[in-house]
Amino acid sequence: MIVWLIGLSGSGKTTIGNALYEELKTKHKNTVFLDGDVFRNIMGNDLGHSEEDRLKNAHRVSHFCKYMDDHGINVVAAILSSFPEWQKWNRDNFHQYFEVFVDTSMDTLEKRDIKDLYRRAHKGEIKNVVGVDIQFPIPNADLTIDNNENLLDISPQVRKIIAALPEFT
Ligand SMILES: Nc1ncnc2c1ncn2[C@@H]1O[C@H](COP(=O)(O)OP(=O)(O)O)[C@@H](O)[C@H]1O
Ligand SMILES: [Mg+2]
């Protein structure tokens, strides 16, 4: 099973994904957490954030997840995927795929903005920010989670995902 959390930078993918992973691995030992930033580091940080590099990264990450899936490893992937063709590839190629859209408004993102990304992007200081100058097509997800509410404890979001997940080993 590959559970893929999709959402804009700052939407809460890492926070929710990590908590989901901790919960899933109590029952499914063969589970790993794959975070987008960590994956880029593991690959040697050789790609930037242009559309071309994002496409290369999408190729890598989906093929890596397929490799894990083929070996019976469950993956919780917290990765900004902005390419519908790769989301389709995931659905066509993984044994089981469950896509979660972590939905947050630009207003919420600008308020949380821990990486100072949106402020700089709106001022034109940086380019290649998904949701600003790179389009983000709303994914055809299996589950959409509204993550606009400020939560001290993320577990209600995790419970929503677990309740919607199909059976897997
Ligand atoms: N529901 C929430 N309420 C309050 N803060 C949140 C919520 N979800 C995420 N955050 C915070 O927003 C920031 C961005 O979350 P993060 O999980 O790193 O996003 P992403 O991995 O999608 O970039 C973090 O500081 C995180 O603690
Ligand atoms: Mg993250």
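### Thoughts on the packing of helix α3 (residues 51–70) against helix α4 (residues 84–93)
It is at 10 Å that the axes of α3 and α4 come closest, and there the two elements cross at 10 degrees. Between α3 and α4, the angle falls in the class roughly parallel. Taking contact as the criterion, the partners of Leu-55, Ala-58, His-59, Ser-62, His-63, Lys-66 and Asp-69 in α3 are, on α4, Glu-85, Trp-86, Trp-89, Asn-90 and Asn-93. Residues belonging to the contact of α3 with α4 are distributed by class as follows: four nonpolar, five polar and three charged.

### Considering the layout of surface pockets
Taken as a whole, the largest pocket holds about 930 Å³ of empty space. Lining the largest pocket are 44 residues; nearest its centre among them are Ser-9, Gly-10, Lys-13, Asp-37 and Lys-115. Sorting the residues of the lining of the largest pocket by element identifies α1 (13–27), α2 (36–42), α3, α4, α5 (106–112) and α6 (117–122) as the ones contributing at least two each. With five residues, α3 is the largest single contributor of residues to the lining of the largest pocket.

### Some words on the nonpolar core
In terms of nonpolar packing, the biggest core is built from 27 residues, with Ile-2, Trp-4, Leu-34, Cys-65, Val-75 and Phe-94 touching the most fellow members. Elements with a contribution of two residues or more to this core: β1 (2–6), α3, β3 (74–78), α4, β4 (97–103) and α6. Per-element accounting of this core gives the leading share, four residues, to α3. Filtering out sequence-adjacent residues up to four positions away, Cys-65 remains in contact with Ile-2, Trp-4, Leu-34, Val-75, Ala-77 and Phe-94.

Thresholds, definitions, all that
- Residues numbered from 1 in each chain as written.
- Chains lettered and ligands numbered in written order.
- Predicted model: local features only at pLDDT ≥ 70, side-chain atom pairs only at ≥ 80, totals over all residues.
- Heavy atoms only, no water.
- Axes fitted to C-alpha atoms, helices over the stretch in contact; angles between N-to-C directions.
- Helix = DSSP H or I, 4+ residues; strand = E, 2+ residues; numbered from the N terminus.
- Parallel < 35°, antiparallel > 145°, perpendicular 65-115°, else oblique.
- Contact = heavy atoms within 4.5 Å.
- Nonpolar A, V, L, I, M, F, W, Y, C, P; charged D, E, K, R; others polar.
- 1 Å grid on protein atoms, 1.4 Å probe; cavity = no way out; pocket = protein on both sides within 12 Å on 5 of 7 lines; lining within 4 Å.
- Points joined across faces, edges and corners; volume = space filled by probe spheres on them.
- Core = buried A, V, L, I, M, F, W, Y, C linked by side-chain atoms within 4.5 Å.
- Buried < 20%, exposed > 50% of the residue type's maximum accessible area, 1.4 Å probe, protein only.

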